[in-house]
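Secondary and tertiary structure notes
In case you want the letters, here they are:
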Amino acid sequence: MTSHSTSLPAATGRLNEGYAYRERLGPDAHAQTVLVYLSRRHRHSTPAEWAARIDAGQVLIDGRPVRTDSVLRRGSELVWRRPPWIEPDAPRSFSVLFEDDDLLAVAKPAGLPTLPGANFLQATLLHQVQTYAPDAAPLHRLGRWTSGLVLCARNHRARTLLTRQWSTPAVGKRYRALAGGCPQWDAITLAAPIGPVAHTLLGSIHAATPQGKPALSHVTVIERREDAFLCDVRITTGRPHQIRIHLAAAGHPLVGDPLYAAGGLPAVGSRALPGDPGYQLHAAELRFRHPGSGRALSIACMPPPLLRRGEAGAKEDLRYSCTFYDE
C-alpha cells in the first residue's frame with residue numbers, strides 16, 4: 001500500500017483555541033469549597049492561581065459561575081474554561097499507512113506527543129488525526145520522542161476487539177533502536193523487572209528494579225557501527241520505557257538517552273525527565289488480527305534515516321507495507 005502524508009498548516013508555538021475541562025464530581029468533592037477542591041486535586045496550579053480563575057468566571061458548576069467559597073455537591077458538573085495559550089513547539093504532520101472503516105494506522109514523527117498533556121493540546125497526534133478522521137482515536141501511545149507506527153480505532157467495536165488483543169501474543173510489536181557499545185551477542189532476551197524507583201524531581205520513575213513487574217524484550221543486532229549498533233526489539237510486555245530501560249540494564253543505553261544509564265537506572269545526579277529528547281527509538285511494525293475480517297495483518301513503518309541499515313538492508317527498511325496473511 002502506498003502511504004501519503006497529511007499535515008496541518010505550519011503553526012508550531014502558536015496560540016490554540018483554549019479548552020473546556022469537564023468532570024462529574026464524585027464523593028471526594030462533596031461539601032468541599034470550589035477553591036479547596038481544585039487546589040488539592042489539581043496541584044499544577046497554586047491556590048492563588050485557582051482563586052484568580054474562579055474570580056474571572058472561568059470555573060462553572062452546572063453551567064453557572066461560582067465563588068471561591070461555593071460548596072460542591074456530588075454529581076454536579078465542574079467545567080474549567082481554560083483560555084487560549086501558546087503551546088510548545090512540535091511537528092504538526094503525520095503519514096497514513098493503512099486506512100479502512102475500522103482502522104487508521106499512522107506514522108508519528110519524533111517530537112509530537114500522542115495525547116494532550118504538559119501544555120500540549122492541538123500540537124498532538126490525537127488532535128491532528130481527528131482533524132483528518134474525526135472518528136479515529138489512538139489505541140496506544142508512543143513517547144514524545146519515539147517515532148513510528150500508531151494504530152487508531154474508528155469505531156467502538158474495533159476498539160473493543162483490538163483492546164482485548166493488545167496484551168496477548170496475538171499482537172506482535174517490533175521496534176528499531178540505536179544503542180551504544182559493542183555487545184558480545186547477536187541476539188538476547190532481556191527480562192529485568194521494571195517498576196518505580198526514587199527520582200529527585202518526580203518522586204518516582206520507572207526503571208529496572210527487582211521489585212518491579214515482569215518485562216520481556218527480545219533483541220536482535222542487525223547492524224554494528226562504531227561504538228554503537230542498530231537492533232530490532234520485539235516486546236511481549238509493555239512496561240513504561242521498557243526498551244530504553246532493558247537495553248540500559250544490559251549495559252547498552254540508547255545512544256543519546258539523557259535519562260537511563262548503564263544498569264537501567266537514571267544517571268546519578270541527572271535531572272533529566274522521561275520526555276527529554278536525545279534517544280533514538282522507532283515503532284517499526286505491528287502484527288495483529290483485523291477486527292473486521294479476523295485475518296492476521298502486518299503493518300510496517302519506515303525508520304528515520306539514522307535508524308536505517310546500510311546498503312545491504314536498505315531495501316527492507318525503505319518501505320511501508322501492509323500485508324494480510326493466513327496463519
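Throughout this document, residue positions are counted from 1 along each chain, in the order its sequence is written. The predicted origin of the model limits local features to residues at a pLDDT of at least 70 and limits the giving and counting of side-chain atom pairs to 80 or more, whereas totals for whole chains, interfaces and linings rest on all residues. Computation of side-chain values covers all heavy atoms of the structure but excludes hydrogens and water.

The predictor rates its confidence in each residue with pLDDT, a number between 0 and 100. Residue-level pLDDT values for the chain average 91, and 93% of them are 70 or greater. Between two residues, a contact is recorded if the distance between any of their heavy atoms is within 4.5 Å. Predicted confidence is poor over residues 7-12, with pLDDT under 50, and the contacts of this stretch with residues over four places away or in other chains come to ten contacts.

Structurally, Asp 257 can be placed in the loop between α5 (242-249) and β16 (260-261). Contact partners of Asp 257, with chain neighbours within four places excluded, come to Arg 244, Gly 278 and Tyr 279. A run of H or I in DSSP becomes a helix once it reaches four residues, and a run of E becomes a strand once it reaches two; helices and strands are each numbered from the N terminus.

Here we take up the nonpolar core. The biggest cluster of nonpolar side chains holds 32 residues, and the ones touching the most others in it are Leu 104, Val 129 and Leu 247. Broken down by element, this core gets its largest block of residues, four residues, from strand β15 (residues 228-235). Setting aside its immediate chain neighbours within four residues, Leu 247 contacts Ala 177, Ala 179, Leu 190, Val 219, Phe 229, Cys 231, Val 233, His 252, Pro 253 and Leu 254. Put simply, a nonpolar core is a bunch of buried Ala, Val, Leu, Ile, Met, Phe, Trp, Tyr and Cys residues held in one set by side-chain atoms that sit within 4.5 Å of each other. Burial classes follow relative accessibility: with a 1.4 Å probe on protein chains only, a residue under 20% of its type's maximum area counts as buried, one over 50% as exposed, and anything between as partly exposed.

Quick look at the packing of aromatic side chains now. For any pair of aromatic rings, geometry is given as the distance between the ring centres together with the angle between the planes. Aromatic contacts are taken between Phe, Tyr and Trp rings whose centres are within 6.5 Å, Trp giving its six-membered ring; a plane angle under 30 degrees counts as stacked, one over 60 as edge-to-face, and the others as tilted. Scanning the model with the defined rule gives five aromatic pairs in all. Their ring planes at 20° and their centres at 5.2 Å tell us that Tyr 21 and Trp 80 sit as a pair that is stacked. Here Tyr 21 is found in strand β2 (residues 19-24), whereas its partner Trp 80 is found in strand β5 (residues 77-82), with 59 residues between them in sequence. Using a relative accessible area of 32% as the deciding quantity, one classes Tyr 21 as partly exposed.

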